[in-house]
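Descriptive analysis of the structure
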Amino acid sequence: MVTTDNLKQTPGKPTFDLITYLKERQKLCEVALEQAISVRYPEKIYEAMRYSLLAGGKRLRPIICLATCEMTGGNIAIAMPTACALEMIHTMSLIHDDLPAMDNDDYRRGKLTNHKVYGEDIAILAGDGLLAYAFEYVAVNTKDVSAERLLRVVAHLGRAVGAAGLVGGQVLDLESEGKSDISSETLDFIHQHKTGALLEASVVCGGILAGTSEDNLKRLSRYAKNIGLAFQIIDDILDITSTQEQLGKTVGKDQKAKKVTYPSLWGIEKSQKQAQQLIESACAELEPFGKAAEPLVALAHFITSRSH
Ligand SMILES: CC(C)=CCC/C(C)=C/COP(=O)(O)OP(=O)(O)O
Ligand SMILES: O=P(O)(O)OP(=O)(O)O
Ligand SMILES: [Mg+2]
Ligand SMILES: [Mg+2]
């Protein structure tokens, strides 16, 4: 059996080339996203939606969705509409998160935030437009997948973005600002919802589209929950250790907003170890998939080693 250990880089062994993989997949996603929304009347709203959607970003959620679908016997074509929808939902969450009523941020993905360019009113609507279009896009453009699977994907996406997911996590995140007595359970809840839920949907929807077994879906969900938590821990570390140039957004915001984070509770080193452990547990879930899991194993390790 292939284990996560023998998938790790060993000198002399051919290893998975994640950099090339990411570049290729990012290009595929960029093309699909560019084609997904065109500008029409009233131009302003379509331009605002495209401004943030096409502003770059790692495209991790769509790439993870495509990878899971392929690993479980599907292909890129059946997963691409869902992959695009995940990025539309993610972009909506960033536009709204940056609004003055929430984090009040001026930069995102190396550019001025949506409300700085289009105004608060249009930025709210651009987020709404992207969210609604994400669901329309999956429903209309997914081909060669049964209606039953498609319905399951739509339901899973809806749950991930609503009060049981991103919205719920964001509410607690906002309520926790300035409070020093946030428990690690509350912190985990925030991370698992504001970040974990959409990553989990990215993984699980890929598996649903491919028609993988219920057991595999549970396994995939556990993998995703672990990488989701690790992702947010690293995000909070980067807010302390990285630069605006590298991240494309303002840094040092958590300390300024007096936010309790993993590194503020346990320090950077322990938080990093914690993230590493979560990644190891995540990868262990993929062992039954053998060599087919290489991309998802590499993507999980990328989450802790990333610089942006
Ligand atoms: C429903 C909504 C609006 C959800 C927002 C979800 C989210 C992950 C925001 C970014 O988190 P952050 O503020 O911790 O990170 P960043 O530094 O990227 O702003
Ligand atoms: O790369 P991005 O901008 O999509 O952000 P995130 O780090 O939240 O994936
Ligand atoms: Mg926030
Ligand atoms: Mg923010």
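This text goes with the structure placed above it.
Notes on the structure follow. (Residues numbered from 1 in each chain as written. Chains lettered and ligands numbered in written order. Predicted model: local features only at pLDDT ≥ 70, side-chain atom pairs only at ≥ 80, totals over all residues. Heavy atoms only, no water.)

Let's talk about unusual backbone geometry
- In the segment running from Tyr41 into Pro42, the intervening peptide bond is cis, with an omega of -5°.
- For Pro42, the location among the structural elements is in the loop between helix H2 (18-36) and helix H3 (43-53).
- For Lys258, which is not a glycine, the phi torsion comes out positive at approximately 55°.
- Here Lys258 is to be found in the loop between helix H13 (253-256) and helix H14 (262-284). (Helix = DSSP H or I, 4+ residues; strand = E, 2+ residues; numbered from the N terminus.)

Focus on the packing of aromatic side chains
- Applying the stated criterion to the full structure yields 4 aromatic pairs.
- The interplanar angle of 55° and the centroid separation of 5.6 Å between the aromatic rings of Tyr133 and Tyr137 together place this pair among those described as tilted. Placement of the pair is Tyr133 and Tyr137 together in helix H7 (residues 120-141), with a separation of 4 residues, close to one helical turn.
- Classification of Tyr137 as buried rests on a relative accessible area of 13%.
- The aromatic ring of Tyr46 is capped on one face by Arg40, whose charged end is 5.8 Å from the ring centroid.
- Sitting over the ring of Phe231, Arg306 keeps its end group 4.0 Å from the ring centre. (Phe/Tyr/Trp six-rings, centres within 6.5 Å; stacked < 30°, edge-to-face > 60°. Buried < 20%, exposed > 50% of the residue type's maximum accessible area, 1.4 Å probe, protein only. Lys NZ or Arg CZ within 6 Å of the ring centre and 35° of its normal.)

A word on the pattern of salt bridges
- With the rule as written, the count across this model stands at 17 salt bridges.
- In this structure, Glu70 and Arg25 form a salt bridge, with 2.7 Å as the shortest nitrogen-oxygen distance. Taken together, the residues span a long stretch of sequence, with Glu70 in helix H4 (residues 60-71) and Arg25 in helix H2 at a distance of 45 residues.
- For Arg25, a relative accessible area of 11% gives the class buried.
- Two residues, Asp105 and Lys253, come together in a salt bridge whose shortest N-O distance is 3.4 Å. Of this pair, Asp105 sits in the loop between helix H5 (76-97) and strand S1 (107-108) while Lys253 sits in helix H13; the two residues are 148 residues apart in sequence, bridging distant segments of the chain.
- Residue Asp105 is classed as buried on the basis of its relative accessible area of 5%.
- Relative accessible area serves as the criterion here: at 23%, Lys253 is assigned to the partly exposed category.
- What emerges from the salt-bridge pattern is a single network uniting Glu30, Arg59, Glu87 and Arg109. (Salt bridge = Lys/Arg side-chain N within 4 Å of Asp/Glu carboxyl O.)

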